[in-house]
Amino acid sequence: MHQSAFIYHRPPASLLYAQIWPRNRPFCGASAELRELHMGRCLHAVVIKFGFGFNNVIISALIDMYGRNNEPGDSLKLFDEMLEPDFICWTSVISALTRSDLYAEALQLFYFMHRHNGFSPDGYTFGSVLTALGNLGRLKQGKELHAKAITSGFCKDNIFVESSLVDMYAKCGLVDESRSVFDQMEEKNSVSWCALLGGYCQKGAFETVVRLFRKMEVDLYSFGTVLRACAGLSVVKLGKEVHCQYLKRGGWNDVVVESALVYLYAKCGSVDFAYRIFKKMPIRNSITWNSMISGFAQNGRGEEAVRIFNEMIQEGVKPNYISFIGVLFACSHNGLVDEGRKYFISMSMDYGIKAGIEHHSCMVDLLGRAGEIEEAEDLIKNSQFSNDSSLWAALLGACTTSTNTTVAERIAKKMMELRPDYHLSYVLLANVYRAVGRWNDAQKIWNRMQKKGVTKTPGRSWIENNSSSSVSFLVNSNIPGEMYNDEKTHSFN
DNA sequence: ATAGGGTTAG
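All values reported here derive from a predicted model rather than from experimental measurement. Per chain, residue numbering runs from 1 following the sequence as it is written. Ligands are numbered from 1 and chains lettered from A, in the order in which they are written. Side-chain atom pairs in this predicted model are given and counted only at pLDDT of 80 or more, local residue features only at pLDDT of at least 70, and totals for whole chains, interfaces and linings cover all residues. Excluding hydrogens and water, the side-chain figures rest on all heavy atoms present in the structure.

### Some words on the overall build of chain A
Strands are runs of DSSP state E lasting at least 2 residues, helices are runs of H or I lasting at least 4, and numbering of each runs from the N terminus. Secondary structure summary: chain A contains 31 helices and 0 strands in total. Exposure categories follow from relative accessible area, calculated using a 1.4 Å probe and restricted to protein chains: below 20% of the type maximum is buried, above 50% is exposed, and the middle band is partly exposed. When the 493 residues of chain A are sorted by exposure, 47% land in the buried category. Expressed as a percentage of contacts within chain A between residues at least 6 apart in sequence, the contacts between residues at least 24 apart total 62%. For accessible areas, the Shrake-Rupley method is used with a probe of radius 1.4 Å. Any residue's cover is judged against the shown protein chains and nothing else. When the accessible area of chain A is evaluated, it comes to approximately 25,400 Å², of which 55% is carbon and sulfur surface. Should any heavy atoms of two residues lie within 4.5 Å, those residues are counted as being in contact.

Written out as structure tokens, the structure is:
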């Protein structure tokens with residue numbers, strides 16, 4: 001008999017394995033330590049032994065279990081081996097991918113499900129897919145899905161869909177849109193609040209975050225957000241209060257909160273304390289490692305930053321775009337020129353990561369400090385950022401100590417071409433001429449600068465910015481009693 | 001079976 005009713009279109013094998021599985025190898029070591037995963041695997045065996053291997057409900061639960069334990073490869077394998085995955089199985093596997101930060105892959109499966117199997121999304125699917133879109137910053141598709149959620153009736157009064165929408169708009173940088181969805185919600189919970197606060201964090205409105213944090217129902221999940229705000233404000237004192245609350249409430253081995261603590265303490269100068277927390281963490285992911293690398297790097301401890309970077313690789317965690325920013329920054333600020341060159345090459349050769357503007361900036365800084373002005377110049381010229389004024393400006397700064405007039409002239413002129421209003425190009429070039437006794441040329445540059453009306457932009461000191469009264473106000477007013485033990489706070493629920 | 005948190009150069 002013809003079985004067309006049961007034919008289901010499978011996603012390409014390349015999507016199921018080649019692309020996804022290798023990328024997640026690094027997580028396996030960490031997940032193996034989770035007892036829940038071990039239990040889950042045992043249960044899986046029991047399921048098969050008792051002949052429930054073809055029960056979609058049970059398999060859905062298993063797919064979800066692997067997803068929650070950062071084993072998206074196992075989720076996919078199970079899914080691929082199913083004879084007739086129903087719509088719920090698709091949703092489970094999409095959410096498993098989203099949970100493991102495989103957003104693009106989750107989206108691919110979602111569109112595949114829709115196009116080839118004719119399944120329409122429901123509230124559950126919308127939640128996961130909107131999360132994926134938000135993390136990828138795909139505003140256009142996000143809006144499309146928002147419209148679809150409204151027309152299909154899954155939007156109104158569905159706290160999952162609405163919270164995901166708040167999150168999606170916040171992550172795409174549209175805080176106002178995010179706020180408007182939030183305001184229209186009939187019922188709000190800590191997830192909705194947290195999503196909104198994340199948007200304010202991204203905009204740099206850290207004071208707002210701390211203020212609102214005191215008004216909302218607080219769960220351990222939201223500690224990550226407020227710690228990010230603390231780091232943004234460099235208020236280590238408030239961060240310590242949050243840390244205490246985390247421990248007091250029985251928080252333990254939460255990789256997100258503890259990574260945020262590592263970052264906060266390191267950013268505020270307590271690198272050794274940060275390192276102690278880092279050392280104690282049984283499960284570390286790439287963000288944890290990155291926090292520690294950049295923590296050492298920012299505190300002038302480049303060698304340790306490099307050491308942590310290498311340890312990360314040894315432990316089987318793949319360095320990403322941000323890891324390389326940290327390690328290159330460490331190299332540039334500690335004169336590790338050869339290492340810097342090595343890592344810059346290794347980034348694309350060994351890890352397939354294309355160097356971005358941040359990496360180029362670090363390299364220009366590194367080479368400039370080492371006096372390798374022409375090498376840095378070539379690097380910029382041969383990159384896709386050859387007309388980026390921030391890179392040329394960094395190089396220009398490095399020329400101050402150089403006596404090579406020809407090169408300095410060339411760079412200053414390039415900079416004048418890109419940014420005619422940038423005063424340092426003129427100042428620097430004039431200084432270079434003076435250093436070699438070309439007084440007339442120096443004077444000409446000064447005249448040209450004045451004729452163009454280029455003026456120095458007023459500077460502001462770091463101290464001035466950070467001793468503003470609003471920050472000290474926050475620190476003093478946020479005593480723990482007020483933050484967490486307020487009766488009203490708890491009855492908010 | 002479903003939603004939210006943490007890392008990014010000058």
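From this point on, the discussion continues.
### Section: the side chain of S286
Residue placement: S286 occurs in helix 18 (residues 286-298). The class of S286 is buried, set by a relative accessible area of 16%. Residues in contact with S286, not counting those within four places in the same chain, are M312, V317 and N320.

### Focus on helix 27 (residues 439-451)
Over its 13 residues, helix 27 extends 18 Å from the first C-alpha to the last, a length consistent with the 18 Å expected when each residue adds 1.5 Å. For helix 27, the secondary structure elements touched by its buried residues are helix 26 (423-435). Note on helix 27: the residue one or two positions beyond its end, G453, has a positive phi of about 70°. Each residue after the first adds 1.5 Å to the expected span of a helix.

### Some words on the UniProt feature "repeat: PPR" (unreviewed entry) in chain A
UniProt positions are given in the numbering used here, feature names are shortened, and annotations may be inferred rather than shown by experiment. The positions that UniProt labels "repeat: PPR" (unreviewed entry) are, in the present scheme, residues 86-121, 158-192 and 285-319. Within the segment residues 158-192, helix and strand shares are 74% and 0% respectively, and the terminal C-alpha atoms sit 11 Å apart. Structurally, residues 285-319 comprises 74% helix and 0% strand, and the distance from its first C-alpha atom to its last is 10 Å.

### Some thoughts on the protein's contact with DNA strand B
Near residues are defined by distance, with any heavy atom within 4 Å of the molecule or strand qualifying the residue. Among the 44 residues in the neighbourhood of DNA strand B, the closest are listed as R68, T131, Y221, F329 and H333. By atom count, sugar and phosphate contribute 45% of the portion of DNA strand B lying within 4 Å of the protein. For the purposes of these results, a polar contact is taken to be a pair of N or O atoms within 3.5 Å, where, inside protein, one atom must be able to donate a hydrogen and its partner to accept one; residues adjacent in sequence count only when each atom of the pair is a side-chain atom. Between S128 and DNA strand B, the recorded distance is 3.3 Å, taken from a side-chain N or O atom to a phosphate oxygen. Within the side chain of N189, an N or O atom sits 2.9 Å from a base nitrogen of DNA strand B. For this classification, the nonpolar set comprises Ala, Val, Leu, Ile, Met, Phe, Trp, Tyr, Cys and Pro, the charged set comprises Asp, Glu, Lys and Arg, and every other residue, Gly included, is treated as polar. The residue inventory of the surface near DNA strand B, partitioned by class, reads 15 nonpolar, 20 polar and 9 charged.

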